Structures are given as C-alpha cells and as structure tokens.
Amino acid sequence: MFSVPRTTRILLAAAPVDMRKSIDGLAAIVRTEWKEDLFSGHFFVFIGRRRDRVKVLTWESGRFGLYYTRLERGRFRLPHIPEYALGVTMDGTQLAMLLDGIDLNAKRLA
C-alpha cells in the first residue's frame, strides 16, 4: 500500500473506466474530462465496470505512479456519488476503507 499525505486530494471517478487503460489513457481522462492538473500530486481513482478492480494514478518525484488492485470475490463498495457528478473527493482514510472493501455508505452504530 502507499501513504497519502493529508494535503493530497483524492478524486474518485463516478463513471466506470476501461481497465485496459494505462497511465496515458487515464491521464487523458484527468486532463480533458476532469480539467485537473496531472502534476499536482493528487490521487485519481478509477473503478472498473464490474467494480472488482481499482487503479490509482498519481504524480510524485518527477514520475507517474499507477497502483492497481483486483478483488478475487465481491465488489468495491463505492460512496454515494451525486447524479451528473464527474466524481467525488475522498480523504486518505476513505480511500483505505474503499480498498479494504468497507462500505463507505454504511450507517455508524451509536
């Protein structure tokens, strides 16, 4: 796993992405559709159509990094994403929970 500084924005795509896309394809989405700065150091999170695969694209120390993970069983449980939104912003804890398969929409017990 990787560490996420508190100052890093994490953007989760609303629409599923073709997981055959590599750094250049994902970077094109960030640049043209989201109008975000690729070199900001932020994390850009993409989910596959079956919601069993995740790719995280980031820029650090003069190079792109691409983290890829796939579930053997089940699906990643996504947070609520408003209709017509390109995505949602998360924090490092929420990203870790997502990647661990924890439902971000689950109600907390008092």
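Check the entry above for the structure.
Residues numbered from 1 in each chain as written. Predicted model: local features only at pLDDT ≥ 70, side-chain atom pairs only at ≥ 80, totals over all residues. Heavy atoms only, no water.

1. Considerations on helix H2 (residues 92–99)
Each α-helix winds once per 3.6 residues, and so residues spaced three or four apart point in a common direction.
Piece 1. Of all the residues in H2, the buried ones are Leu95, Leu98 and Leu99. Along H2, the residues classed as buried sweep out an arc of 95° about the axis, all on the same side.
Piece 2. As for H2, its buried residues are in contact with strand E1 (10–13), strand E2 (43–47), strand E3 (53–60), strand E4 (63–70) and strand E5 (87–90).
Piece 3. By the N-cap criterion, in which a side-chain oxygen at the helix start approaches the backbone nitrogen of a residue two or three places on, H2 is capped by aspartate 91, the distance to threonine 93 being 3.1 Å.
Piece 4. Backbone geometry just downstream of H2 places glycine 101 in the positive-phi region, at approximately 85°. (Buried < 20%, exposed > 50% of the residue type's maximum accessible area, 1.4 Å probe, protein only. Helix = DSSP H or I, 4+ residues; strand = E, 2+ residues; numbered from the N terminus. Arc of directions from axis to C-beta. Contact = heavy atoms within 4.5 Å. Polar contact = N/O pair within 3.5 Å; in protein donor to acceptor, adjacent residues only side chain to side chain.)

2. Topic: the sheet that holds E3
Strand pairing in a sheet takes place through backbone hydrogen bonds and is either antiparallel or parallel in direction.
Piece 1. Sheet architecture is open: five strands sit in the order E4-E3-E2-E1-E5, paired in mixed fashion. Looking at strand neighbours, the two that pair on one side only are E4 and E5, the edges of this open sheet. Here the average twist between neighbouring strands, direction ignored, is 20°.
Piece 2. In the packing of H2 onto the sheet, the strands contacted are E1, E2, E3, E4 and E5, and the crossing angle to E5 comes to about 110°. (Pairing = 2+ DSSP bridges. Axes fitted to C-alpha atoms, helices over the stretch in contact; angles between N-to-C directions.)

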